[in-house]
Amino acid sequence: MNMNRYAVFGNPIAHSQSPLIHQLFAEQTHISLTYEAILVPLTLNELSKTLDQFQKENGKGANITLPFKQEAYFLVNTLSDRAICAKAINTIRFNLNGSRYGDNTDGIGLVRDLTLHQKQNLHNKTILILGAGGAVSGILAALIAEKPAKILIANRTATKAKILANRFIDLMPIEYCALENLKKPSFDLIINAMSVGLSGTMPVLPNGLIHAKTFCYDLVYDLSSLTPFLVWAKNQGAHSYCDGLGMLVEQAAEAFYLWHHIRPNTTKILKIIKT
Ligand code: ATR
């Protein structure tokens, strides 16, 4: 019998940890599957064609990563509420009747990492988000659900922060400003969602954003060294910080649950990946 196929689709995709993570989940839960990393060319309609082909060839589930999360949103039949909030998806379930269900597990992945692994309680806390792109769109609803006291989005292009804040106005009044106008006071949690990546340079940020208990979180991860944002955080005196590896594992666990109705033990998998 052909094994059920799962895969992550993106460009670039070679360094994705998702195949390893899902293979470890599968071993832990005794489920037989294959999980591939599929490179999607950046030409028009290529994601649609690649997904069609995959579905025909026993594809049961897909993860979607950069830069296709917004495009994939339009390639499914039904959507979860959190996907609708995000206007982007990172997970597809191919149903037996041929229909596709789209979900976004990024926000819950971030919040589970923050609350379960990093032991952060977000209730009544002040949160600064740096950046206002697709990643922020994916995490805002889940952060708001934790009932923080305040969220401020600071972005290089202030209008993008404003548009994003307005989109979520029914859930919570979100403050916004241009990165260059950012100033004190300090925040309880600072999340970096600027795509300065692993080797880019951090823009200049004012001093005084960090207090003794500020937790700094970078959505990207680097298995070998601190990201530029975390170097900045450390230099500013942050005592607690982490990169997005835990979020990656938690968003994967939520996708795994959607496909297989079993929740893997993420603490064990994180330990394996970190060693
Ligand atoms: P993602 O899906 O990772 O969120 P994105 O939608 O392209 O990617 O968003 C990238 C974010 O990083 C944006 O907020 C972008 O700021 P602009 O909206 O002004 O473009 C931010 N960003 C990228 N490079 C940056 C830099 N060098 N300094 C400050 N912000 C940067």
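Q: I keep staring at the sheet that holds strand S3 (residues 59–64) and nothing clicks. Help me out?
A: Picture the strands of a sheet paired through backbone hydrogen bonds; they go either parallel or antiparallel. Taking strand neighbours across the sheet as the criterion, the six strands line up as S2-S1-S3-S5-S6-S4 in an open arrangement whose pairing is mixed. The sheet is open, and its two edges are formed by strand S2 (34–39) and strand S4 (78–79), each paired on a single side. Here strand S1 (residues 5–10) runs beside S2; their pairing, made up of six bridges, is parallel. Residue glycine 10 lies in a different strand from S2, and its bridge partner there is leucine 39. Helix-sheet contacts for helix H1 (residues 18–29) involve S1, S2 and S3, and the interaxial angle to S2 is about 170 degrees. In the packing of helix H9 (residues 245–260) onto the sheet, the strands contacted are S1, S2, S3, strand S5 (91–94) and strand S6 (100–103), and the crossing angle to S5 comes to about 10 degrees.

Q: Is there a simple way to think about helix H5 (residues 106–117) in this case?
A: Since there are 3.6 residues in each turn of an α-helix, residues three or four apart along the chain are aligned in direction. Spanning 12 residues, H5 covers 16 Å between terminal C-alpha atoms, matching the ideal 16 Å at 1.5 Å per step. Three or more residues of H5 are buried, namely Asp106, Gly107, Gly109, Leu110, Val111, Asp113 and Leu114. Buried residues belonging to H5 abut helix H3 (69–72), helix H6 (134–145), strand S10 (187–192), strand S11 (210–218), strand S12 (240–242) and H9. Two residues or fewer past H5, lysine 119 is found with a positive phi of approximately 55 degrees.

Q: Just checking my understanding: could you explain the domain arrangement of the protein chain for this structure?
A: By a frequent convention, interface size equals the accessible area lost on bringing the separate parts together. If you check the domain split of the protein chain, you get domain 1 (5–104 + 251–274) and domain 2 (107–243). Put simply, the middle of domain 1 and the middle of domain 2, counted by C-alpha atoms, are 25 Å apart. For the pair domain 1 and domain 2, the two sides together bury roughly 1,000 Å², of which 55% comes from carbon and sulfur. Of all residues in domain 1, Gln17, Cys85 and Ala86 give up the largest surface area on contact with domain 2, accounting jointly for 35% of the area buried on that side. Applying the counting rule to domain 1 against domain 2 returns one salt bridge. Between glutamate 254 and arginine 112 there is a salt bridge, and its shortest N-O distance comes to 2.7 Å.

Q: Is there a simple way to think about the packing of H1 against H9 in this case?
A: The relative placement of two packed helices comes down to the angle between their axes together with the axis-to-axis distance. Across the interface, H1 lies against H9 with an axial gap of 10 Å and an inter-helix angle of 55 degrees. Here H1 is positioned oblique relative to H9, judged by the angle of their axes. Both H1 and H9 take part in a crossing whose hand is right-handed. Of H9, the residues touching H1 (which contributes Ile21, His22, Phe25, Ala26 and Thr29) are Leu248, Val249, Ala252, Ala253, Phe256 and Trp259. For the contact of H1 with H9, a count of residues per class yields nine nonpolar, two polar and no charged.

Q: What exactly am I supposed to notice about the pattern of salt bridges here?
A: Under the criterion given, the structure shown has 10 salt bridges. For arginine 5, the salt bridge is made with glutamate 57, and the minimal N-O distance between the two is 3.5 Å. Here glutamate 57 lies in the loop between helix H2 (46–56) and S3 and arginine 5 lies in strand S1, a separation of 52 residues in the sequence. Taking the relative accessible area as the measure of exposure, arginine 5 reaches 18% and is therefore buried. Across the pair aspartate 103 and arginine 82 runs a salt bridge, and its minimum N-O distance is 2.8 Å. Placement of the pair is aspartate 103 in strand S6 and arginine 82 in helix H4 (residues 81–86), with a sequence separation of 21 residues. The class of aspartate 103 is buried, set by a relative accessible area of 2%. One network of salt bridges, with partners in common, ties together Arg82, Asp103, Arg112, Glu254 and Arg263.

Scoring rules and cut-offs
- Residues numbered from 1 in each chain as written.
- Predicted model: local features only at pLDDT ≥ 70, side-chain atom pairs only at ≥ 80, totals over all residues.
- Heavy atoms only, no water.
- Pairing = 2+ DSSP bridges.
- Helix = DSSP H or I, 4+ residues; strand = E, 2+ residues; numbered from the N terminus.
- Contact = heavy atoms within 4.5 Å.
- Axes fitted to C-alpha atoms, helices over the stretch in contact; angles between N-to-C directions.
- Expected span 1.5 Å × (residues − 1).
- Buried < 20%, exposed > 50% of the residue type's maximum accessible area, 1.4 Å probe, protein only.
- Domains from an automatic or database assignment.
- Buried area = accessible area lost by both parts, 1.4 Å probe.
- Salt bridge = Lys/Arg side-chain N within 4 Å of Asp/Glu carboxyl O.
- Parallel < 35°, antiparallel > 145°, perpendicular 65-115°, else oblique.
- Left-handed = near helix turned anticlockwise from the far one by under 90°.
- Nonpolar A, V, L, I, M, F, W, Y, C, P; charged D, E, K, R; others polar.

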